[in-house]
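Residues per chain, in single letters:
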Amino acid sequence: SNLFGPEYPNPDDWGPGDPFTLVADRPEVEVLLVHGAADTLVAQAFSEQFARALESAGHDVTAEYPAGVDHQSVYSAQVAAGPIGSWLGLDHR
């Protein structure tokens with residue numbers, strides 16, 4: 001179910017989709033965050049705050065903010081493959 005958009009205009013209804021509610025779960029899990037620096041839909045500050053919250057909860061966090069990348073293109077293989085490969089320790093030439 002979609003938690004956002006016109007059918008849920010009130011941010012008070014977004015609780016089930018709030019990743020901050022899960023930061024204390026499984027602190028042994030390493031986290032990679034990739035947020036496009038050109039994202040105009042979700043501010044980069046959100047990912048920066050999320051990274052700090054995860055780190056405070058004990059997670060090892062790697063955050064990447066690729067330049068020129070927007071909200072939709074961040075999911076593309078051309079953008080995501082490099083940071084994911086590096087994070088996994090793979091040679092992605």
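Being a predicted model, the structure only gives us computed values, none of them experimental.

Student: Sorry, what's going on with the overall build of the chain here?
Tutor: Regarding its fold elements, the chain presents two helices and two strands. Its helices and strands taken in sequence order, the chain reads β-α-β-α from the N to the C terminus. For the chain, the proportion of its 93 residues judged to be buried stands at 23%. A fraction of 64% describes how many contacts in the chain between residues 6 or more apart in sequence connect residues 24 or more apart. Surface accessibility of the chain: about 6300 Å² in total, with carbon and sulfur atoms responsible for 56%.

Student: Can you help me understand unusual backbone geometry in this one?
Tutor: With the exception of glycine, most residues fall at negative phi, and the peptide bonds are largely trans. With a phi angle near 45°, Arg26 is a residue other than glycine that sits in the positive phi range. For Arg26, the position within the fold is in the segment before β1 (31-34). The exposed category is assigned to Arg26, whose relative accessible area is 56%.

Student: Any chance you could explain helix α2 (residues 77-88) here in plain terms?
Tutor: One turn of an α-helix holds 3.6 residues; hence residues three or four places apart share an orientation. When we look at burial in α2, the residues that qualify are Val79, Ala80, Pro83 and Gly85. Where the residues of α2 are buried, they touch β1 and β2 (61-64). Just downstream of α2 lies Gly89, where phi reads positive at about 80°.

Student: For this particular structure, what's the right way to read the pairing of β2?
Tutor: Regular strands place side chains that alternate from one sheet face to the opposite one. Where β1 lies against β2, four bridges are found, and the strand directions are parallel. Following the sheet pairing, Leu32 is matched in β2 by Thr62. In this view, the connection linking β1 to its parallel neighbour β2 by way of helix α1 (residues 44-56) has right-handed handedness.

Calculation criteria
Residues numbered from 1 in each chain as written. Predicted model: local features only at pLDDT ≥ 70, side-chain atom pairs only at ≥ 80, totals over all residues. Heavy atoms only, no water. Helix = DSSP H or I, 4+ residues; strand = E, 2+ residues; numbered from the N terminus. Buried < 20%, exposed > 50% of the residue type's maximum accessible area, 1.4 Å probe, protein only. Contact = heavy atoms within 4.5 Å. Areas by Shrake-Rupley, 256 points an atom, 1.4 Å probe, with all protein chains shown as cover. Pairing = 2+ DSSP bridges. Right-handed = clockwise from strand over helix to strand, strands pointing away.

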